Amino acid sequence: GLADFSDELFRQLNETGQLTQYLSNTTLAELYAPLGSLAPDFSSQFVSKDGRTMIFAWSIDEEPGSKPAVNAHHRFSGIFDQLVKDRLPGISFYGTQSVAAVTDAATLAAEHDMALADGIALPISALVLWYVVRSGRLLLIPLATLMTSAAVSFGLLYFLSLVVNVQVITPPLCMSLLIAMSVDYSLFLLTRFREELLKLGVGGEDAAISIESVQEAIKSTMTTSGATILLSGFTLLTAFAFLAVIPVDLIGSLGQGACLTLGLMVVVNLTLAPALLAAAPVFFGRAASQQRSGARWARSIVGDRSASAPAGWQWVAKITTLFPWNILWFAIVTAVSVSVSVAVLQMKTTDDLEQDIPTGDKLFTLQQELTGAFSSRTMPYNILLMPKDTSVAVLSAPFFQAVAKMLAAVEHEIITQMPEAKESEFNFLPYQTGRQPIPFQALQALCGIPRAETASVQEPIAERQLSSTVSDMCHFMLDTQTSTENYLLFDPEAMTGTLTALGIEVLGERGFVFLDTVRDAFAKHAPHYGVKYSIGGMGPYFLDMVTVVYAYLPAMAAGTIVVSVIFVGIAFRSVIIPLRSIVSNSLSLGFTYGLAVHVYQYGALDFLGIRNLSGDYHALPWIVPVVQFFCLIGICLDYDIFLLTRVTEYRAQGMDPRVAIRKGVVSTGGIITAAGVVMAIAFGALVTSSLMQLAVMGFALVVAVLYDTFIVRSIVNPALMSLLGRWNWWPGELSKPHYGFDEDPDLAGTASALSMQTC
């Protein structure tokens, strides 16, 4: 039966030499039998209410989630699985769950998802890139920069993992960032390289390609697009650097990994890409200047009348900068963004462990079974109690009485403040919910608790044998529920026990309230009874981790915005441009967060029947709003900077501000759109992940990139800039009227000027 199975499981696990604790309902019932009616009742933590599910618990002395812990998990789960097959053939479902098990499953899933995402994103990104540059030769450059960046950055991530705990979602996110930004930067460089060659008069299938012309084009490219990449990279690094300093490994490792990846990618694109162009000037120069659609587009930008600018972007540039249509477009987009963003005010987050486990994995099903059978019993609070007066012994009648009275008062306080917590259970030596306290005198007489303090002698669990003798029962109960290794040899300094939050989702929104209520209750009553306390366990650990992250978030977010605003302001010599960027980026952020709430909290897409786009948890994974803020700030500024650089360049040439804006939209429209599509594909592959956290991150990034690319950058930014006119560059020199025309009220004349520049 189950008793024999439990004894044999303990024996085999104990033979590994790694076991430090073993608990099961049958073992505890057997051990505590000598206590009779005084025996503590732990059955609710090991057997479900319907009696159909049972838990066997064990622990080892390894860091949770570490490699040794994962190896031990494989060994112990193998023993357990084989023993179930041999001894309990009628069991319908079984499995082993632990932090190590979740870490192992998530790591394997992340590796699989990353390979799948790369298989989806890389070919499609290559096709988009080829469509823009129309040259197989030029594709060799982004391929080289991507492979170099990926190889070196993941090597650096390995060394980073030796210093900090790199989380499993970091590599997939970094790989998506690598693909997206590497292709983006290649687009910026190669299209500008083609444009600079045409400015020098190099073009045509049979045109002579001089090394001097190619070198001059490379210099001009690095002066313009190279500077843009450097500016873009700095703003992204700023965002991820603030993410990296948050003192929680789960968040900090994401920021640190992203900083390594992005910093290396910027360096590679600013060094390797021009080096390759210079190393084979004729090979790449001829490919860049051939008579293909990409080259024709570039010729339209440099003023070749034989080539026409894209008609679609000419129309977009005109309609978004023409008064009063610019006001109307801005008002419409703002209204839509705000209406969607309002949902952010009701945003809820959750730390449900199911979101950390791959969908379809046996562990995922096991977690669902445990949650259904035991609710929050699998994640109790571990509470340490100590006498405030060090002269009072833990194993003494005064301390037992004080603890019993204190816990009764704490329990009453919790239920008064949170009636839904009325079924919560305390399990301590002196006090158990719903049972009479164990008198210390009875326990002392039974177990022979000494009165004198002596030296501590550790007794490994491997030397013990569990049986129903009084000696074994006393050792097990007193040694595991106090801070001593052997109560006969050393008087413990603390007592341990558990609080199980029944009827409350421990890691949900009410879980935070429950934890605060528990802490307040202990803070109120513990000093009165002369008791010091410490509250821990997986539940408080996860909740405190979330609390710390969100406590740092406002300062880190403010720092990101301030540094980015200052840097952009210095780069463009303007106070207005960074402030305008905050307005447009706020629209992207609000829309993205709001849509994520509608999808994952309200279930707007539940009709699709796709789990990764469902509101099953009625909340967002807690990590998503944090990480997304820093990612989105950097990405949205990236495309804004690229457009601003071109517009500023044209304004510096003496163009009217509205003409410069329109020409900037036309010249960058196709490039930024292609870059946005590539980035959306790279991040969109994450939506297919079996890890819910990665899927939600991927969804939010895709929404932000597409909304920023097609709405904010194409409509909002030109509209706002046209309304501001030359004041965009205030107080810089470009805001002065003598640069070209002042604000030209003749819109027809402006449109004509634009036509002359782009046709």
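Calculation notes
- Residues numbered from 1 in each chain as written.
- Predicted model: local features only at pLDDT ≥ 70, side-chain atom pairs only at ≥ 80, totals over all residues.
- Heavy atoms only, no water.
- Helix = DSSP H or I, 4+ residues; strand = E, 2+ residues; numbered from the N terminus.
- Areas by Shrake-Rupley, 256 points an atom, 1.4 Å probe, with all protein chains shown as cover.
- Salt bridge = Lys/Arg side-chain N within 4 Å of Asp/Glu carboxyl O.
- Pairing = 2+ DSSP bridges.
- Axes fitted to C-alpha atoms, helices over the stretch in contact; angles between N-to-C directions.
- Contact = heavy atoms within 4.5 Å.
- Parallel < 35°, antiparallel > 145°, perpendicular 65-115°, else oblique.
- Nonpolar A, V, L, I, M, F, W, Y, C, P; charged D, E, K, R; others polar.
- Patch = residues over 30% accessible without salt bridge, like charges linked within 9 Å, V, L, I, M, F, W, Y side chains within 5 Å.
- Buried < 20%, exposed > 50% of the residue type's maximum accessible area, 1.4 Å probe, protein only.
- Polar contact = N/O pair within 3.5 Å; in protein donor to acceptor, adjacent residues only side chain to side chain.
- Phe/Tyr/Trp six-rings, centres within 6.5 Å; stacked < 30°, edge-to-face > 60°.
- Core = buried A, V, L, I, M, F, W, Y, C linked by side-chain atoms within 4.5 Å.
- Expected span 1.5 Å × (residues − 1).
- Bend = angle between axes of the 7 residues up to and from the residue.
- pLDDT = per-residue confidence, 0-100.
- Disulfide = S-S within 2.5 Å.

> With reference to specific residues and values, describe the overall build of the protein.
Scanning the protein from N- to C-terminus turns up 24 helices and 8 strands. Total accessible area on the protein is roughly 30500 Å²; 62% of this is exposed by carbon and sulfur atoms.

> Could you give me a rundown of the pattern of salt bridges, with the residues and numbers involved?
With the rule as written, the count across this model stands at 12 salt bridges. Put simply, Arg 11 and Glu 8 hold a salt bridge, and the shortest N to O gap is 2.4 Å. Separated by 3 residues within a single helix, Arg 11 and Glu 8 lie in helix H1 (residues 2–14), roughly one turn from each other. The structure contains a network of salt bridges with shared partners spanning Arg 192, Glu 195, Glu 196, Lys 199, Arg 646 and Glu 649.

> So what's going on with the sheet that holds strand S5 (residues 425–427)? Which residues, and what values?
The 4 strands are arranged S5-S6-S4-S7 in an open sheet whose pairing can be described as antiparallel. What marks the edges here is a single partner per strand, and that holds for S5 and strand S7 (531–536). Here the strands of the sheet are splayed against their neighbours by 25° on average, with no regard to which way each runs. Judged from the 6 bridges that link them, strand S4 (residues 381–387) and S7 form a sheet pairing that is antiparallel. Paired with Pro 387 across the strands is Val 531, a residue of S7. Running at roughly 165° to S7, helix H18 (residues 509–525) makes contact with S4, S5, strand S6 (495–500) and S7 of the sheet.

> Requested: an account of the packing of helix H22 (residues 657–684) against helix H23 (residues 692–724), with residues and values cited.
It is at 9 Å that the axes of H22 and H23 come closest, and there the two elements cross at 175°. Here H23 runs roughly antiparallel to H22, going by the angle between their axes. Residue-level inspection shows Arg 658, Ile 661, Val 665, Gly 669, Ile 672, Thr 673, Gly 676, Val 677, Met 679, Ala 680, Phe 683 and Gly 684 of H22 in contact with H23, the latter providing Gly 698, Leu 701, Val 702, Val 705, Leu 706, Thr 709, Phe 710, Arg 713, Pro 718, Met 721 and Ser 722. Residues that form the contact of H22 with H23 fall into these classes: 14 nonpolar, 7 polar and 2 charged.

> Quick one: what's the story with unusual backbone geometry, residue by residue and with numbers?
In this model, Phe 323 is joined to Pro 324 through a cis peptide bond whose omega is 5°. Examined against the element boundaries, Pro 324 turns out to sit in the loop between helix H12 (311–321) and helix H13 (325–341). Between Trp 730 and Pro 731 the backbone carries a cis peptide bond, its omega angle lying at 5°. Structurally, the position occupied by Pro 731 is in the loop between H23 and helix H24 (747–758).

> Provide a residue-level description of a nonpolar patch on the surface, including the pertinent values.
On the surface, Ile 561, Val 575, Leu 579, Ile 582, Trp 727 and Trp 730 cluster together into a nonpolar patch covering about 520 Å² of accessible area. Mapping Leu 579 onto the fold places it in helix H20 (residues 576–600). Look at Leu 579 and you get partly exposed, because its relative accessible area is 43%.

> Give me the environment of Ala 343: which residues, what numbers.
Among the secondary structure elements, Ala 343 is positioned in the loop between H13 and strand S3 (349–350). Using a relative accessible area of 8% as the deciding quantity, one classes Ala 343 as buried. If sequence neighbours within four positions are ignored, Ala 343 has contacts with Gly 594, Val 597, His 598 and Tyr 602.

> Give a detailed account of the side chain of Ser 581, specifying residues and quantitative values.
Examined against the element boundaries, Ser 581 turns out to sit in helix H20. Polar side-chain contacts of Ser 581 include one of 2.9 Å to the side chain of Asp 640. Sequence-distant contacts of Ser 581, defined by excluding residues within four places in its chain, comprise Leu 637, Asp 640 and Leu 644.

> Can you lay out the side chain of Thr 221 for me, pointing to particular residues and giving the numbers?
With respect to the helices and strands, the residue Thr 221 is situated in helix H8 (residues 211–244). What Thr 221 contacts, discounting residues up to four positions off in sequence, is Leu 189, Arg 192, Phe 193, Glu 196 and Gly 226.

> Tell me about the packing of aromatic side chains, and name the residues and values.
Evaluated as defined, the whole model comprises 21 aromatic pairs. Measuring from ring centre to ring centre gives 5.9 Å for Trp 58 and Phe 80, while their planes differ by 50°; the resulting arrangement is tilted. Taken together, the positions of Trp 58 in strand S2 (residues 56–60) and Phe 80 in helix H4 (residues 67–87) put the pair 22 residues apart, joining distant regions of the chain. Classification of Phe 80 as buried rests on a relative accessible area of 8%.

> Any chance you could break down the environment of Val 677 for me, citing the residues and the numbers?
By the element assignment, Val 677 lies in helix H22. Remark: the alpha-carbon pair of Val 677 and Val 705, spanning 28 residues in sequence, is separated by 8.1 Å. Setting aside its immediate chain neighbours within four residues, Val 677 contacts Val 128 and Phe 710.

> Can you break down the nonpolar core residue by residue, with the values?
Of all hydrophobic cores here, the largest spans 203 residues; its most connected members are Tyr 381, Leu 385, Phe 514, Phe 522, Ile 623 and Phe 683. Per-element tally for this core: the top contributor is helix H21 (residues 623–652), with 18 residues. The contact partners of Tyr 381, leaving out residues within four places of it in the chain, are Gly 497, Thr 498, Leu 499, Val 506, Gly 511, Phe 514, Leu 515, Val 518, Ile 535, Gly 536, Pro 540 and Leu 543. Core analysis: the second largest hydrophobic core is formed by 14 residues, Phe 5, Leu 19, Phe 80 and Tyr 94 among them.

> Can you tell me about H4, naming the residues and giving the values?
Quick reminder: α-helices carry 3.6 residues per turn. Residues three or four places apart thus point the same way. Here H4 spans 30 Å end to end across 21 residues, near enough to the 30 Å set by a 1.5 Å rise per residue. All of the buried residues in H4 are Ala 69, Val 70, Ala 72, His 73, Phe 76, Ser 77, Ile 79, Phe 80, Leu 83 and Val 84. Of the surrounding elements, those touching the buried residues of H4 are H1, strand S1 (19–24), S2 and helix H5 (99–133).

> Pulling in residues and values, what's your account of H22?
At Thr 668, H22 is bent by approximately 45°, the largest bend along its length. By the criterion of burial, H22 is predominantly enclosed, with 26 of the 28 residues buried. Sitting at the amino-terminal end of H22 is Asp 656, which places a side-chain oxygen 2.9 Å from the backbone nitrogen of Arg 658.

> I'd like to hear about the confidence of the model for the protein, residue by residue, with values.
For the protein, per-residue confidence averages 83 on the pLDDT scale, and 89% of positions sit at 70 or higher. Within the model, the stretch residues 293–307 combines pLDDT values under 50 with 42 contacts to residues more than four positions away or in other chains. Contacts from residues 741–759, a stretch scored under 50 in pLDDT, to residues over four places away or in other chains number 45 contacts.

> Got a sec to walk through the state of the cysteines? Specific residues and values, please.
Where two cysteines share a covalent bond between their sulfur atoms, that bond is called a disulfide. Tallied over the full model, the rule gives 0 disulfides. Here Cys 174 is not cross-linked by a disulfide; its sulfur's nearest cysteine counterpart is in Cys 259, at 9.4 Å. Judged by its relative accessible area of 19%, Cys 259 is buried.

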